[in-house]
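Architecture at a glance
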Amino acid sequence: MLRSGTLKHVLPAAAALALLAAAPTPSQAATLTVGTSAEPSALDPHYHNLGPNTRARKHVFESLVSMDAKMRLQPELAESWRAVDETTWEFKLRKGVKFHDGTEFTAQDFVYSVCRIPNVANSPSSFTVYTKGIAGIEAPDPHTLIIKTGKPYPLLPVELSTFGIISAKAAGGEAVTFDKAGCKADSWPTTQAFNDGSLMIGTGPFKHKSYTKGDRQVLERNPDYWGPQAAWDTVVFRPITSDGPRVAALLAGDVDMIESPPVQDIERLKSAPNVSLAQAQSNRVIYLALGVQDTPPTITGTDGKNPLKDPKVRKALSLAVDRDAIVKRIMMGVAEPANQYLPAGFYGNNPEVTVATDANKAKQLLAEAGYPKGFQLTLGTPNDRYINDDKVAQAVAQMFTRIGVQTQVDATTANVFFSKRNKQEYSVFLAGWGADSGEMSSPLKALIATPIKEKGYGTTNYTSYSDPELDGMLDTALATVDDAKREKLLQAAVKRAMDADIIIPLHYEVTVWAMKKGLSYEPRADQYTLAQKVTPAK
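Reading the values: rules and limits
Residues numbered from 1 in each chain as written. Predicted model: local features only at pLDDT ≥ 70, side-chain atom pairs only at ≥ 80, totals over all residues. Heavy atoms only, no water. Helix = DSSP H or I, 4+ residues; strand = E, 2+ residues; numbered from the N terminus. Buried < 20%, exposed > 50% of the residue type's maximum accessible area, 1.4 Å probe, protein only. Contact = heavy atoms within 4.5 Å. Areas by Shrake-Rupley, 256 points an atom, 1.4 Å probe, with all protein chains shown as cover. Disulfide = S-S within 2.5 Å. Pairing = 2+ DSSP bridges. Axes fitted to C-alpha atoms, helices over the stretch in contact; angles between N-to-C directions. Salt bridge = Lys/Arg side-chain N within 4 Å of Asp/Glu carboxyl O. Core = buried A, V, L, I, M, F, W, Y, C linked by side-chain atoms within 4.5 Å.

So, on to the overall build of the protein. Helix and strand counts for the protein stand at 16 helices and 20 strands. Seen through its C-alpha atoms, the protein measures out along the principal axes to roughly 70 × 60 × 40 Å. The burial tally for the protein puts 61% of its 538 residues in the buried class. A sequence separation of at least 24 residues applies to 72% of the contacts in the protein between residues at least 6 apart. When the accessible surface of the protein is split by element, carbon and sulfur atoms take 49% of a total near 20,500 Å².

This is how it looks when you write it as structure tokens:
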């Protein structure tokens, strides 16, 4: 498989640029073809809380509330909302919205969607993290929702932007009612029913046409869409997970737009006469997760003990990481060193939290913990999910090895990686998290909170770590209506989480899109590539 920087082995640069210059301009075409860096694990909008899945669902299935490119709340299927009191919210739904099969969107579709989310079989990362605050739902009329929460829950509108609404009628759920203890239905739709297209019936700007895993998803413009019509009759998403071939596809005119071009090719693309770029700092943090299981699956040389249970060992591993070097040498400057789970400027970022690099101090801490000669570790990572993910993992492995923790890397495709991660087959792994809500409770709840199903906590915590005091801090923050007070509580929570060194941040991705001249795209902090937002340049 070709790696980043191997474009010359795919297509000579001069020939590629000539082909690009000769290709039809996108503004003349009714079809937009996008080369994506990752493929969704399923088309089911409720199956997997994962970036590529959310990108795919936003074209077909909509939310009550959406976010713009800077992660500010915008009306979507709800025209307006208000807090009636501290535990009651009223949402006024948009009238005249039709599902792709012609049926009318009503409050029942939201009820059914919320009920279905906890009943998705084998979900690797459940959206219950965003629905567990709902204690009751009433629909006094087809276009009004009254949502009750068990306690003050100021983030409700934000969290309702994170999942799509499916058709209750198409799924046979017109009689399902909400029950906090568990909704009842004769059966729930399977993920396969979405993958085969039979339930790909949303309200979004595009209709699903076809899906061939590993090859492409094809969408058609929804002529009856309630909002602005997209510029494209047809959109084709092609997963091209290898960096070199993805760039080559753009230069050859095989695709009109690509996401996440390799950082090594950014300068080349900038100088190409028929290519334009868009970029912005994202909210995605790339991190290391350290498992504290009783029996470590990928650690040797410790007589069966898990050294990661010792805070000194975890701190040593954090101190071993040179984040500036990773950004400069591996990411070629197209990233920002991370000192917590969201960048500065995002709600809940604690400006007092810092991280350091000190290899000598790391060695000292290992010795104090009883590991003066270190131990052996295998670091798990995907090799096709995040920008330069396997290269970053290799750099981290070298840094660990320098302090005496002999580290090798197990780099696999994203599907294999997530399967192994979800079974806790790694003691340490590299992954990423983008906060769909745009604030600090998202990574805290999902990555490090104790897995508590009824609260929706710990849905992506595969470390076996539990801190009841941190859980309590989150409970308090999420029940605090005053924005300023809630932010201070989240800042305190992230300080405690960072002190534990369970989730070690490495860097924030800077997301780049490359496209043929003649296209325009506003770069998004959430990293999503949305065809409905791609327009012919003015």
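Attention now goes to the environment of Arg116. Inspection of the secondary structure assignment puts Arg116 in helix α3 (residues 107-116). Put simply, Arg116 and Val275 are 159 residues apart on the chain and 43 Å apart in space, counted from C-alpha to C-alpha. Setting aside anything within four residues of it in sequence, one finds Arg116 in contact with Asp44, His46, Ile166, Trp188, Pro189, Thr190, Thr191 and Phe194.

Under the criterion given, the structure shown has 1 disulfide. Here Cys115 pairs with Cys183 through a disulfide, and the sulfurs are 2.1 Å apart. Taking the sign of the torsion about the S-S bond as the criterion, the disulfide between Cys115 and Cys183, at about -65°, is left-handed. With a gap of 68 residues between them, Cys115 in helix α3 and Cys183 in the loop between α5 (168-171) and α6 (191-195) connect regions that are remote in the sequence. Cys183 gets classed as buried once you look at its relative accessible area, which sits at 12%.

So, about the sheet that holds strand β6 (residues 134-141). Pairing within the open sheet is antiparallel, and its 4 strands lie in the order β4-β5-β7-β6. The sheet is open, and its two edges are formed by β4 (78-85) and β6, each paired on a single side. If you compare each strand with its neighbour and ignore which way they point, the axes differ by 20° on average. Sheet topology note: the strand β5 (residues 88-93)/strand β7 (residues 144-149) ladder contains 5 bridges and is antiparallel. Bridge pairing in β7 places Lys92 opposite Thr144. Running at roughly 160° to β6, α3 makes contact with β5, β6 and β7 of the sheet.

What follows deals with the pattern of salt bridges. On inspection of all chains with the given rule, the structure shows 23 salt bridges. In this structure, Arg284 and Glu509 form a salt bridge, with 4.0 Å as the shortest nitrogen-oxygen distance. Highlighted residues: Arg284 in strand β12 (residues 275-290) and Glu509 in strand β18 (residues 503-516), separated in sequence by 225 residues. Neither Arg284 nor Glu509 differs from the other in exposure class; each is buried. The salt bridge involving Lys312 is made with Glu368; its shortest N-O contact spans 3.3 Å.

Here the focus is the pairing of strand β17 (residues 428-434). For β17, the buried fraction is high: 7 of the 7 residues fall into the buried class. Of the two faces of β17, the one carrying Val428, Leu430, Gly432 and Gly434 and the one carrying Phe429, Ala431 and Trp433 are both buried. Of the strand pairs in this sheet, strand β15 (residues 375-382) and β17 are connected by 2 bridges, and their pairing is parallel. The residue bridging Gly380 from the neighbouring strand is Phe429, located in β17.

If you look at the biggest cluster of nonpolar residues, it comprises 155 residues, and the most contacted ones within it are Leu64, Phe91, Phe110, Leu145 and Leu444. At 8 residues, β18 tops the list of elements feeding residues into this core. Aside from chain neighbours lying at most four places away, what touches Phe91 is Leu64, Val65, Ala78, Ser80, Trp81, His143, Thr144, Leu145, Ile147, Leu156, Pro157 and Leu160. Core analysis: the second largest hydrophobic core is formed by 11 residues, Leu251, Val255, Ile258 and Val275 among them.

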